[in-house]
Amino acid sequence: MELTFDGLVKNYDTVKALKGVSFTLTPGVNGLLGPNGAGKSTMMNILSGNLSQTAGRITFNGEDIRNMGKEFRKRLGYMPQQQALYPGFTAAQFLGYMATLRGMEKAEATDAVHRVLRQVELEDVATRKIKTFSGGMKQRLLIAQAILADPDVLVLDEPTAVLTESEADQLISVMKSIAASGIAIIFITHRLDEVMAASNNITILRDGKLVATRKVEETSIVELAELMIGRKGESVVDAQPRSTHSDKVAMHLEDLHVDMPGEAVRGITLDIYEGEIFGIGGLAGQGKLGIPNGVMGLYDTEGGVELFGESLKVGDTTAALHAGIAMVSEDRKGVGLLLDQSIEDNIVFNAMQVRGDYLNKFGPFTLKNAKAIRAEAEKMIQELDIRCFGPTQAAGTLSGGNQQKVCIARALTMGPKLVFVSEPTRGIDIGAKKLVLETLVKLNREQGMTVLWITHFMEEAAQADRILVIGEGAAEGNALLERVGIRAAAGGHRGSGGHLPVRAGLRAGGGGGIVRGGVPGEPGLLRHCAQA
């Protein structure tokens, strides 16, 4: 079986999304990498029949897929980044329903459901309702749905983006097992460690062009990163650690409890100082995301919150925004964006709604200041390198990484005194990641903005002046920070090469607590050691 992309070209008016891309896929896991805007989504939309190419062709075993019509679509399984599930259904009911939609007879559908549940290792939970599934189980169920018709080609678009490390490991194991049956899997991801762990071959796109195809045993995470961003020898970001910070408390949390499902906070008391980058890390489900969501009033919260000495009404989102707190949510689609609205309307939305900015008042009438909105949007698009056709493009049509940058632009447009940034690089390619993190560090260093940085990636956490590690919703014990070279300390660890999870530090000492920044200019990995 061979799937060949032969001189594929796609133009949108003057924008060239694909510029003569040619490569061949064979059975196994085929990684597909590229920065946001590289052309990956466009190419997959052409493959699935949702778009037509401007020139070139895609062939399946030598035959143009346009001539195959429905016959090829039956051979193609597709799992997009976002797909709805039916939480009240059991796994078997959901798959049976999807099989019926594909026109399968009852006996055929029953056999297919049993087969795919076995393939994705969910046969033991076939009668459980989907609403009880973990994120990893839901992703495997979606893969099962995509292989119901026993396809020859399976596209998985960012299947591990929202998963924990252990869930991602299990999903990769399932992918390899499916590929071993003779299916060609196209694995689209930004996580370089995972593409190395899962793939047989890796193809890299950049700016609509094919950059390289590599066998996994002949490349490395470092080379893949260089091929993606087109530059060599750059770390993701290098914020120089500082030994001192202001004595002025920017935010004080007193016995904070947050009832956020899966991220509950149980009694955090904490001072964050003005002008520092304060990191909050920990394993998934331990409460690190509960702190910003609780302070911003998105979940039931108890305890005390003070901002620059003034008490803040707990549980009131509007009060938090008026006080000068901004937040970039980890859930960019559910909370962060108005997907049907334009980029420019998304960028100014909070400032317009909360403070009345970008509005002109004429007696009893209020109109949007279109000129000011356009100027702000164009400034943010340039500063954050948001890849788009223009400020009027709908936010929902952007790639995941560019959507995240629009969320950051919205927060910055508020001119905040303090900003929560939750998982700022989730779903963003390595080049965009560098730009986003450098922007946050620059705002902190040059404008004195206080940044609370919530992440599970160790290299990101290492940029903070201090770090709070959360365990079971609380800070347990104390720890010092010691930096050691990433290459020396993380050898063989799946998080190496810019994707170092906080768990790499936790394994050395365990527990939670505050740790502090270390040796200036030395990229590194955090390691707990006993406090003297």
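Residues numbered from 1 in each chain as written. Predicted model: local features only at pLDDT ≥ 70, side-chain atom pairs only at ≥ 80, totals over all residues. Heavy atoms only, no water.

*Asks:* How do you make sense of the sheet that holds strand β9 (residues 201-206) when you look at a structure like this?
*Replies:* The strand order β6-β7-β8-β3-β9-β10 describes an open sheet built from six strands, whose pairing is mixed. Of all the strands in the sheet, just β6 (76-79) and β10 (209-215) have a single pairing partner and so form its edges. The average angle at which neighbouring strand axes cross in this sheet is 20 degrees, direction not considered. With four bridges joining them, strand β3 (residues 28-33) and β9 adopt parallel strand pairing. Within the sheet, the bridge partner assigned to L33 lies in β9 and is I204. (Pairing = 2+ DSSP bridges. Helix = DSSP H or I, 4+ residues; strand = E, 2+ residues; numbered from the N terminus. Axes fitted to C-alpha atoms, helices over the stretch in contact; angles between N-to-C directions.)

*Asks:* Please explain the packing of aromatic side chains as it appears in this structure.
*Replies:* The description of an aromatic ring pair uses the distance of the two centres, along with the angle that the planes make with each other. Across all of its chains, the model carries seven aromatic pairs by this definition. Judged by centre distance (4.9 Å) and plane angle (20 degrees), the rings of F5 and F23 are stacked. Of the two residues, F5 sits in strand β1 (residues 3-12) while F23 sits in strand β2 (residues 15-25), which places them 18 residues apart along the sequence. Taking relative accessible area as the criterion, F5 reaches 1% and is therefore assigned buried. With relative accessibility at 9%, the residue F23 sits in the buried group. Seen from their ring centres, Y86 and F94 are 5.9 Å apart, and the 45 degrees between their planes marks the pair as tilted. Residue classification places Y86 among the partly exposed residues on the basis of a relative accessible area of 35%. Owing to a relative accessible area of 1%, F94 belongs among the buried residues under this scheme. (Phe/Tyr/Trp six-rings, centres within 6.5 Å; stacked < 30°, edge-to-face > 60°. Buried < 20%, exposed > 50% of the residue type's maximum accessible area, 1.4 Å probe, protein only.)

*Asks:* Where do I start with the packing of helix α6 (residues 135-146) against helix α7 (residues 165-179) in this structure?
*Replies:* For any two helices packed against each other, the geometry comes down to the angle between their axes and how far apart the axes lie. Two elements in contact, α6 and α7, have axes whose closest approach is 9 Å; the angle formed by their N-to-C orientations is 20 degrees. Our classification of the angle between α6 and α7 gives roughly parallel. Crossing angle aside, the handedness with which α6 passes α7 is right-handed. Each of G135, G136, Q139, R140 and I143 in α6 lies in contact with α7, whose residues at this interface are E167, Q170, L171, V174 and I178. (Parallel < 35°, antiparallel > 145°, perpendicular 65-115°, else oblique. Left-handed = near helix turned anticlockwise from the far one by under 90°. Contact = heavy atoms within 4.5 Å.)

*Asks:* Would you mind showing me how to read the sheet that holds β1 here?
*Replies:* Hydrogen bonds between backbone groups are what pair the strands of a sheet, and the pairing can be parallel or antiparallel. Taken in spatial order, the four strands make up an open sheet running β2-β1-β4-β5, and their pairing is antiparallel. This sheet does not close on itself; its edge strands, each paired only once, are β2 and β5 (63-64). Where β1 and β2 come together, eight bridges link them in antiparallel fashion. Across the sheet, K10 pairs through a bridge with L18, a residue of β2. Packing against the sheet, helix α1 (residues 40-47) makes contact with β1, β2 and β4 (55-60), and its axis sits at approximately 115 degrees to β1.

*Asks:* I'm lost on the confidence of the model for the chain in this one. Help?
*Replies:* Any segment with low pLDDT has predicted coordinates that should not be analysed in fine detail. A residue-level look at the chain finds 84% of positions with pLDDT of 70 or above and a mean pLDDT of 81. In the model, residues 476-512 has pLDDT below 50 throughout and makes 112 contacts with residues more than four positions away in sequence or in other chains. Segment residues 514-532: pLDDT under 50, and 73 contacts once partners within four positions in sequence are set aside and those in other chains are kept. (pLDDT = per-residue confidence, 0-100.)

*Asks:* Mind showing me how you'd approach a negative patch on the surface here?
*Replies:* Taken together, the side chains of E254, D255, D259, D300, E302, E306 and E310 present a region of like negative charge at the surface. Within the residue set of the negative patch, elements represented by two or more residues are β11 (249-258) and β14 (301-307). Note on placement: D300 falls in the loop between α10 (290-295) and β14. Here D300 falls in the exposed class, since its relative accessible area comes to 61%. (Patch = residues over 30% accessible without salt bridge, like charges linked within 9 Å, V, L, I, M, F, W, Y side chains within 5 Å. Areas by Shrake-Rupley, 256 points an atom, 1.4 Å probe, with all protein chains shown as cover. Salt bridge = Lys/Arg side-chain N within 4 Å of Asp/Glu carboxyl O. Lys, Arg positive; Asp, Glu negative; His and termini not counted. Charge placed at Lys NZ, Arg CZ, Asp CG, Glu CD.)

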